[in-house]
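# Commentary on secondary and tertiary structure
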Protein chains: 2
Amino acid sequence: MGQRIFNFSAGPATMPVTVLETIQREMLDYKGEGMSIMEMSHRSKTFDAIVVEAEALVREIMGFSDQYQTLFLQGGATGQFAAVPLNLSQPGKVAEYIDSGSWSSKAVKEAEKLGKPFRVTAASKADKYRHIPTDFVVGKDAAYVHITSNNTIYGTQWQNFPDTGSVPLVADMSSDFYCKRFDPNRFGLIYAGAQKNAGPSGVTIIVVRKDLLARSPKDIPTIFNYQINAEKNSLYNTPNTFGIYVVNLVMHWIKNQGGIDQVEKINRQKAKLLYDALDGSDFYRPYADAGSRSLMNVTWNCPSEELEKKFIAEATAAGLSGLKGHRSIGGIRASIYNAMPMAGVERLIEFMRDFEKKS
Amino acid sequence: MGQRIFNFSAGPATMPVTVLETIQREMLDYKGEGMSIMEMSHRSKTFDAIVVEAEALVREIMGFSDQYQTLFLQGGATGQFAAVPLNLSQPGKVAEYIDSGSWSSKAVKEAEKLGKPFRVTAASKADKYRHIPTDFVVGKDAAYVHITSNNTIYGTQWQNFPDTGSVPLVADMSSDFYCKRFDPNRFGLIYAGAQKNAGPSGVTIIVVRKDLLARSPKDIPTIFNYQINAEKNSLYNTPNTFGIYVVNLVMHWIKNQGGIDQVEKINRQKAKLLYDALDGSDFYRPYADAGSRSLMNVTWNCPSEELEKKFIAEATAAGLSGLKGHRSIGGIRASIYNAMPMAGVERLIEFMRDFEKKS
């Protein structure tokens, strides 16, 4: 094995080394079963124990009540952009979307494409998504309110979640689920592609309040039907078995770190180090407004595009990978998900100081 | 590592050991990149090379012309049961389905659920799906003809594919893609969940004739839209990157075996051994009609349910796993996909002879 580098990619993203080592160790023979987890029937007792445990851990770690159920589906957030309006729309009601960035916009466009009534209740597009739009009133005719909890491209994140009263709050948490403590029981539904804080790409975690399952109509694709997949405990069809196994391992890793509070504490330390370095410099300009900064994706610019290119090239050569900002806004982006060690952030800051000095 | 057993599971199923060893070796550091394949951006050059190569190998190994494109989507065959009618239905036309088993029936039910015009043109339900219904005429108003090329539950398989003229032939080949040579250029679209002959569950291979992409309407879920996913070379959204990587490895394994003709030759040898053993015994009764027998799933009964239970329990204890027939028909099922070695089939036959003798 060569040397592992520090991977600041926005996702798929760095994973805990101990999780990778477990996968490696169990690859040809899962716990004496004589086969890989990938070769195992999804109807076997062994796999069933894995999916049942993962389902419970996903809820337990965040403190979901027993009114919620976890589903492991496929298709990522893009699939859920369709699944949410297909399942949760209601006759005579309108879905409300808060547009805080590109992914929110894509969710809106998918609802529109599918012909479901919707409105954009608040948006921060006018200031190039540098802040989270939190000032809005939910309509009485709202079917649900959809937010994107963290915006990977702009580096913004909801600091406090809105109170939507009796209207179900639905959140795409693909890029910040499991990064910090919050009250999950205020949500109607949370979904997340696993590939940032929870596992590999190809498995989508959905936690849904059980009373909402009754909304699923019969005439939508079965693979998207929350009610049917909930009744079958995510085993209506063959799921991404390997992906669910890895999610299970990552959930155990979070517990072993000391749980969500300890993970949050370290995430806040990592983010503070990096934002302090940006704020203490006239060379680097943070992209997101101070009140909307993300713990997961830190975005900034250098004085020129030329310097940004140089920064990225030299950082890559120094073993700091994946720092190129999203093509839509350019600049630099450091994604510091749960599995990014403090040492990676420290090394990055050291590199930033050296780069600034010599530039 | 403990001992590997012979895994006759219908899917997820046994995989080539050399593929598992490669995955194991590359788990923490893919070819000196300093990270796992699972941690790598799907927009990286390295991953792009993997998906582009896999896309080409999927076509090359079977001999698809350049009029076809491979897509790697998510959701398995169940997802495609919806995607096919959503994409390929046409105004004023009717989708035709050949019902050769449970999976065909599910495909029909999904088209019905989505309100697309369809008819069941031929079915073998009356004889409990012991044969493939090949005697039918395709209507002039057919949007497409859908078949299931291999029926895992009943152990039946199309021996020669039907001629549907100018009407696109669509096949669910989840359980026998890459098991034998056939002319793929007679098909409009082939889809397969990867978890039998091509990789792990969670990645769906679709090979579509490019002219059919124009049929995709705009108002369907993007994740299912063949045209959009084709334009973006399966990277519209984050795909199952690990799954695609494994499919790439399995395609290389097929080439290293000597290609599809050599794989077919061995599959025919394995199946012949097993069917000869069944035909040479009065104790075991094959389920499928002789003219419709599957190379991949061999199904049979013992003289009583009690003996079947005993057979399965003793086989499992002897390291022959996954032999229990599907709950809908009971009995015994040996799935002998590409990666099942001849030694596994020989050991099974030896076990069967011993079991018959002492029963």
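Here, the structure is the one placed above.
### A short note on the nonpolar core
Residues Ile23, Phe177 and Phe242 of chain A together with Ile23, Phe177 and Phe242 of chain B are the most contacted members of the largest nonpolar core, which totals 119 residues. Not counting residues within four places of it along the chain, the set of residues in contact with Phe242 of chain A comprises Ile23, Met27, Ile37 and Met38 of chain A together with Met38 and Phe242 of chain B. Formed by 58 residues, the second largest nonpolar core is a distinct cluster that contains Ala77 and Val108 of chain A together with Phe81 and Tyr226 of chain B.

### Considerations on the interface of chain A and chain B
Quoted interface sizes are often the accessible area lost when the parts come together. On the side of chain B, 61 residues touch chain A, which itself brings 61 residues to the contact. Roughly 4800 Å² of surface becomes buried between chain A and chain B when both sides are summed, with 58% attributable to carbon and sulfur atoms. Looking only at chain A, the three residues that lose the most surface to chain B are Leu28, Met38 and Glu39 of chain A, adding up to 16% of its buried area. Along the contact surface separating chain A from chain B lie 2 salt bridges. For Arg4 of chain B, the salt bridge is made with Glu39 of chain A, and the minimal N-O distance between the two is 2.7 Å.

### Examining the environment of Leu28 of chain B
Residues and elements named next belong to chain B. The residue Leu28 is located in the loop between α1 (17-26) and α2 (45-62) in this model. Classification of Leu28 by relative accessible area gives buried; the value is 3%. In this structure, the C-alpha to C-alpha distance between Leu28 and Phe118, residues 90 residues apart in sequence, is 49 Å.

### What about the relation of the copies chain A and chain B?
If you rotate chain A by 180° and push it 0.0 Å along the axis, it lands on chain B with an RMSD of 0.0 Å. Read as a symmetry element, the transformation amounts to a two-fold axis. Identified as the residue of chain A closest to the rotation axis by C-alpha distance is Gln24 of chain A, at 2.5 Å. Take the interface residues of chain A: 100% of them recur as interface residues in chain B, which is what a same-surface contact looks like.

### What about the environment of Trp253 of chain B?
All names here are of chain B. Inspection of the secondary structure assignment puts Trp253 in helix α6 (residues 241-256). We classify Trp253 as buried; its relative accessible area is 13%. Residues in contact with Trp253, not counting those within four places in the same chain, are Pro16, Thr18, Val19, Asn338 and Ala339.

### Some thoughts on the sheet that holds strand β14 (residues 332-335) of chain A
Residue and element names in this part refer to chain A. Ordered in space as β11-β12-β14, the 3 strands form an open sheet in which the pairing is antiparallel. Sheet topology places β11 (285-286) and β14 at the edges, where each strand pairs with a single neighbour. In terms of strand pairing, strand β12 (residues 297-301) meets β14 through 4 bridges, oriented antiparallel. Within the sheet, the bridge partner assigned to Val298 lies in β14 and is Ala334. Running over the sheet, helix α7 (residues 260-279) touches β11, β12 and β14 and is turned about 10° from β12.

### A short note on the environment of Gln74 of chain B
Examined against the element boundaries, Gln74 of chain B turns out to sit in the loop between β2 (68-73) and α3 (76-88). In this structure, the C-alpha to C-alpha distance between Gln74 of chain B and Thr148 of chain B, residues 74 residues apart in sequence, is 19 Å. Those residues in contact with Gln74 of chain B, other than ones at most four positions away along the chain, are Gln74, Gly75, Gly76 and Gly202 of chain A together with Gly202, Thr204, Asn237, Thr238, Pro239 and Asn240 of chain B. For Gln74 of chain B, the side chain forms a polar contact with the main-chain nitrogen of Gly75 of chain A, separated by 2.8 Å. Within the structure, the side chain of Gln74 of chain B is placed 3.4 Å from the backbone oxygen of Thr238 of chain B, a separation counted as a polar contact.

### Focus on the packing of helix α1 (residues 17-26) of chain A against helix α6 (residues 241-257) of chain A
Two quantities define a packed helix pair, namely the angle between the axes and the distance from one axis to the other. All names here are of chain A. Relative orientation of the contacting elements α1 and α6 amounts to 135°, with a least axis distance of 10 Å. Comparing their axes, α6 and α1 come out oblique. In terms of crossing hand, the pair formed by α1 and α6 is right-handed. Two secondary-structure elements touch here, α1 through Thr18, Val19, Thr22, Ile23 and Glu26 and α6 through Phe242, Tyr245, Val246, Leu249, Val250 and Trp253.

The rules behind the values
- Residues numbered from 1 in each chain as written.
- Chains lettered and ligands numbered in written order.
- Predicted model: local features only at pLDDT ≥ 70, side-chain atom pairs only at ≥ 80, totals over all residues.
- Heavy atoms only, no water.
- Core = buried A, V, L, I, M, F, W, Y, C linked by side-chain atoms within 4.5 Å.
- Buried < 20%, exposed > 50% of the residue type's maximum accessible area, 1.4 Å probe, protein only.
- Contact = heavy atoms within 4.5 Å.
- Buried area = accessible area lost by both parts, 1.4 Å probe.
- Salt bridge = Lys/Arg side-chain N within 4 Å of Asp/Glu carboxyl O.
- Helix = DSSP H or I, 4+ residues; strand = E, 2+ residues; numbered from the N terminus.
- Least-squares fit on C-alpha atoms with pLDDT ≥ 70 in both.
- Pairing = 2+ DSSP bridges.
- Axes fitted to C-alpha atoms, helices over the stretch in contact; angles between N-to-C directions.
- Polar contact = N/O pair within 3.5 Å; in protein donor to acceptor, adjacent residues only side chain to side chain.
- Parallel < 35°, antiparallel > 145°, perpendicular 65-115°, else oblique.
- Left-handed = near helix turned anticlockwise from the far one by under 90°.

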